Amino acid sequence: MSEIQFNHVQTAHCECGVISNIFRFYGLDISEPMALGIGAGLFFGHLPFVKVNGVPGTTYRVVPGAIFSRVCKRLGVKMESHTFSSVEKATAELDRVLDKGMPVGLQSSVYYLPYFPPSYRFHFNAHNLVVYGKKDGNYLVSDPIMEHATEIDPASLAEARFAKGFPAPKGKMYYPVVVPKEVNFAAPIKAGIKQTCSDMLNIPLPFFGVKGIRFLAKRLRNYPEKVGDRRATLYLGNIIRMQEEIGTGGAGFRFMYAAFLQEAAGLLKRDDLSQMAQELTAVGDIWRNFAFTAGRVCKSRTATGNGYAELSDLMMQCAASEEVFFRKLAALKL
Amino acid sequence: MKKEEVPQDGDNMHEGKFKQLFYATDDAGEYVKVNSVGWEPENIAMQQAWEEVNTKIEDARRRMQAGEVSPILYYMEKTIMDLPLLASYVNKFQWQVKRHLKPSVFRKLNDDILRKYAAAFKISLEELKKAGQ
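Predicted model only: the values in this text are computed from it and were never measured. (Residues numbered from 1 in each chain as written. Chains lettered and ligands numbered in written order. Predicted model: local features only at pLDDT ≥ 70, side-chain atom pairs only at ≥ 80, totals over all residues.)

**Overview of the overall build of chain B**
Here is step 1 of the chain: Counting its regular elements, chain B contains 7 helices and 2 strands.
Here is step 2 of the chain: Computed over C-alpha atoms, the radius of gyration of chain B comes to 22 Å, more than 25% over the 14 Å expected from 2.2 N^0.38 for 133 residues, which places it beyond the range of a compact globule.
Here is step 3 of the chain: Along the longest, intermediate and shortest principal axes, the C-alpha atoms of chain B span 70 × 30 × 25 Å.
Here is step 4 of the chain: Taken across its 133 residues, chain B has 38% of its residues classed as buried.
Here is step 5 of the chain: By sequence separation, contacts in chain B at least 24 residues apart represent 46% of the contacts at least 6 residues apart. (Helix = DSSP H or I, 4+ residues; strand = E, 2+ residues; numbered from the N terminus. Rg over C-alpha atoms; globule rule 2.2 N^0.38 Å. Buried ≥ 20, exposed ≤ 12 C-beta atoms within 10 Å, placed from the backbone. Contact = placed C-beta atoms within 7 Å.)

Structure below.
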């Protein structure tokens, strides 16, 4: 089987990273922050009734797969995507496409990826990675969150591709078939910014966008009384992990989005966008402050003093700053 | 966040295997990518999540040894699964898996279904059976 030259670059977020790495292979240079911005990946959502291991779900990004499909639509990339009913069919199709010298994106569960540190191996099924060849019976892997390209044995890869649970990967694989070499980023950037502003400001439900941040801030205040100290720290720990764990680039994608605005400012020659990038950096720093304080509250384990009230106030501050920020961004004539 | 402020609170949660990437600003205010070995709040949250997992595993082990529950609960906790996830791995309804957590029901299960559980837990059939004795 052929081994192609695949230029692996480490990124913070797997989905944006796969977009960036795969598209670059076809000569379309797009950075990770640019993928996040054009794909309108920044978001906020808190769904208390959607529980993972009994802990209410919080997200700082849009639903998995959305960034990819938006970037493709906006840049005119055509992807071929398949899911499979059996491991045999999935493996055969992967080998067939690899044989043609094409890198392939795969959805997988991190639980079955042996090259990950054990501490990260939870049942998380929406991880993306690229396989770009085979060597001595192992698959060559470019996992965007890893520093270097690595390898995986076929049995582990099959398990990762056919993990059960939500969202079930069902062996999902994808690869571009049409990639334009020259793309004008101007219109896609504007479309991405517009969508993110709308997602953050206009969804008429309390769970999403700036409203969602306030919604969570209010609930956070009452966690110790509502669910007890132990569960309260678990709930809080989950918020920290969603915000700061590998994948977000810090402050729940806020810094990565600021990097996007900065890059966009250069491309579109717009100083006001670079000003907005600075403002978002400041908002990100408040989020970091929240995470830091939350970590301390988690560590102390008991709700002594007014730890949760303080955290609630901090998150309200995040909401207020983001509202100001996104209203300003939405008002820019791009 | 400035480049110099990118936290480097390693407590070996990553086991030296890799460094995660942060976006931070340099002196000119330009965004750059910076590697980090970890950050205190993330480490705390991660440790806490694993402590919760380990408490559940130990609890299940104790109850299994006391004959209150079948090994299926213990291995379910050990592989960090919950009822819905395990049910989808063995192709059963949740209420069926719940029944199988009873030692009396577990002892009557045939090898076909036990093999499915063993495969989901990545252990041998013998290992699973032995744990139930």
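**A closer look at the overall build of chain A**
Here is step 1 of the chain: When you go through chain A residue by residue, the secondary structure sums to 11 helices and 8 strands.
Here is step 2 of the chain: The C-alpha radius of gyration of chain A comes to 21 Å, within 12% of the 20 Å expected for a compact globule of 334 residues.
Here is step 3 of the chain: Expressed as lengths along the three principal axes of its C-alpha atoms, the size of chain A is roughly 65 × 50 × 30 Å.
Here is step 4 of the chain: Here chain A holds 334 residues, and the buried ones make up 50% of them.

**Quick notes on unusual backbone geometry**
Here is step 1 of the chain: Here the amide bond leading from F166 of chain A into P167 of chain A is cis, since omega sits at -10 degrees, within 30 degrees of zero.
Here is step 2 of the chain: One non-glycine residue, A40 of chain A, adopts positive backbone phi at about 45 degrees.
Here is step 3 of the chain: Tracing the backbone through its elements, the reader meets A40 of chain A in the loop between α2 (32–38) and β1 (42–52).
Here is step 4 of the chain: Assessed through the 24 C-beta atoms surrounding it within 10 Å, A40 of chain A is described here as buried.
Here is step 5 of the chain: Phi at I80 of chain B takes a positive value of approximately 55 degrees, unusual for a residue other than glycine.

**A word on the interface of chain A and chain B**
Here is step 1 of the chain: Listed by partner, the interface residues are 38 residues for chain A and 33 residues for chain B.
Here is step 2 of the chain: If you list the elements that add at least two residues to the side of chain A that touches chain B, you get α8 (223–244), α9 (254–268) and α10 (271–300) of chain A.
Here is step 3 of the chain: Sort the elements by how many residues they give to the side of chain A that touches chain B and α10 of chain A lands first, with 11 residues.
Here is step 4 of the chain: When grouped by side-chain class, the residues that make up the side of chain A that touches chain B number 15 nonpolar, 15 polar and 8 charged. (Nonpolar A, V, L, I, M, F, W, Y, C, P; charged D, E, K, R; others polar.)

**Describing the environment of G76 of chain A**
Residues and elements named next belong to chain A.
Here is step 1 of the chain: With respect to the secondary-structure elements, G76 resides in the loop between α3 (66–75) and β3 (78–82).
Here is step 2 of the chain: G76 sits 64 residues away from L140 along the chain, and the two C-alpha atoms are 28 Å apart.
Here is step 3 of the chain: Residues in contact with G76, not counting those within four places in the same chain, are P180 and V183.

**Section: the sheet that holds strand β5 (residues 127–135) of chain A**
All names here are of chain A.
Here is step 1 of the chain: Read across the sheet, 6 strands follow the order β3-β8-β4-β5-β6-β7 without closing on themselves; strand pairing throughout is antiparallel. In the strand order of this sheet, the two ends are held by β3 and β7 (150–152), each with one partner. Within the sheet, the average angular offset between the axes of one strand and its neighbour, ignoring direction, is 40 degrees.
Here is step 2 of the chain: Pairing between β5 and strand β6 (residues 138–142): 5 bridges, direction antiparallel. When the sheet's bridge partners are listed, G133 is paired in β6 with L140.
Here is step 3 of the chain: Against the sheet, helix α4 (residues 87–99) contacts β3, β4 (104–108), β5 and β8 (173–178), and its axis sits at roughly 65 degrees relative to β5. (Pairing = 2+ DSSP bridges. Axes fitted to C-alpha atoms, helices over the stretch in contact; angles between N-to-C directions.)

**Considerations on the pairing of strand β2 (residues 31–36) of chain B**
All names here are of chain B.
Here is step 1 of the chain: Taken together, the 6 bridges between strand β1 (residues 20–25) and β2 define a ladder with antiparallel strand orientation. Along β2, the bridge assignment pairs F22 with V34.
Here is step 2 of the chain: Linking β1 back to β2 in an antiparallel pair, the connection comprises 5 residues, with G29 at a positive phi of about 80 degrees.

**Some thoughts on the UniProt feature "domain: Butirosin biosynthesis protein H N-terminal" (unreviewed entry) in chain A**
Here is step 1 of the chain: The UniProt feature table records "domain: Butirosin biosynthesis protein H N-terminal" (unreviewed entry) at residues 13–144 of chain A.
Here is step 2 of the chain: Helix makes up 32% of residues 13–144 of chain A and strand makes up 32%, while its end C-alpha atoms are separated by 7 Å. (UniProt positions renumbered as here; feature names shortened; annotations may be inferred.)

**Some words on the domain arrangement of chain A**
Here is step 1 of the chain: Structurally, chain A comprises domain 1 (1–10 + 83–171) and domain 2 (186–331).
Here is step 2 of the chain: Each of domain 1 of chain A and domain 2 of chain A has a C-alpha centre, and the two are 31 Å apart. (Domains from an automatic or database assignment.)

**Overview of helix α5 (residues 154–161) of chain A**
Residues and elements named next belong to chain A.
Here is step 1 of the chain: All of the buried residues in α5 are L157, A160 and R161. Mapping the buried residues of α5 onto a view down its axis gives an arc of 95 degrees, with all of them on the same face.
Here is step 2 of the chain: Those residues of α5 that are buried lie in contact with α4, β4, β6 and β7. (Arc of directions from axis to C-beta.)

**Digging into the packing of helix α1 (residues 14–25) of chain A against α3 of chain A**
Residue and element names in this part refer to chain A.
Here is step 1 of the chain: Direction vectors running N to C along α1 and α3 enclose 30 degrees, while the axes themselves pass 9 Å from each other. As α1 packs across α3, the resulting crossing turns out to be right-handed. Residues E15, C16 and I19 of α1 touch α3, and the partners they reach there are I67, F68 and V71.
Here is step 2 of the chain: For the contact of α1 with α3, a count of residues per class yields 5 nonpolar, no polar and 1 charged. (Left-handed = near helix turned anticlockwise from the far one by under 90°.)

**Quick notes on the domain arrangement of chain B**
The figure often quoted for interface size is the accessible area lost as the parts come together.
Here is step 1 of the chain: Domain annotation for chain B reports domain 1 (3–38) and domain 2 (60–131).
Here is step 2 of the chain: Domain 1 of chain B and domain 2 of chain B are separated by 42 Å when their C-alpha centres are compared.

**What to know about the environment of Y74 of chain B**
All names here are of chain B.
Here is step 1 of the chain: Secondary-structure assignment places Y74 in helix α2 (residues 71–78).
Here is step 2 of the chain: On the neighbour-count criterion, Y74 (25 C-beta atoms within 10 Å) is buried.
Here is step 3 of the chain: Each C-alpha atom, one on Y74 and one on E58, is 8.2 Å from the other, the two residues being 16 residues apart in sequence.
Here is step 4 of the chain: Non-local contacts of Y74, meaning those with residues more than four positions away in its chain, are made with A60, R61 and M64.

**Quick word on helix α6 (residues 186–201) of chain A**
Every α-helix carries 3.6 residues per turn, so stepping three or four residues along brings you back to the same face.
Residues and elements named next belong to chain A.
Here is step 1 of the chain: Across its 16 residues, α6 extends 23 Å between first and last C-alpha, which sits within 8% of the 22 Å expected from 1.5 Å per residue.
Here is step 2 of the chain: Buried within α6 we find P188, I189, G192, I193, Q195, T196, C197, D199 and M200.
Here is step 3 of the chain: On the buried face of α6, the contacting elements are α2, β1, α3, α7 (209–221), α9 and α11 (307–331). (Expected span 1.5 Å × (residues − 1).)

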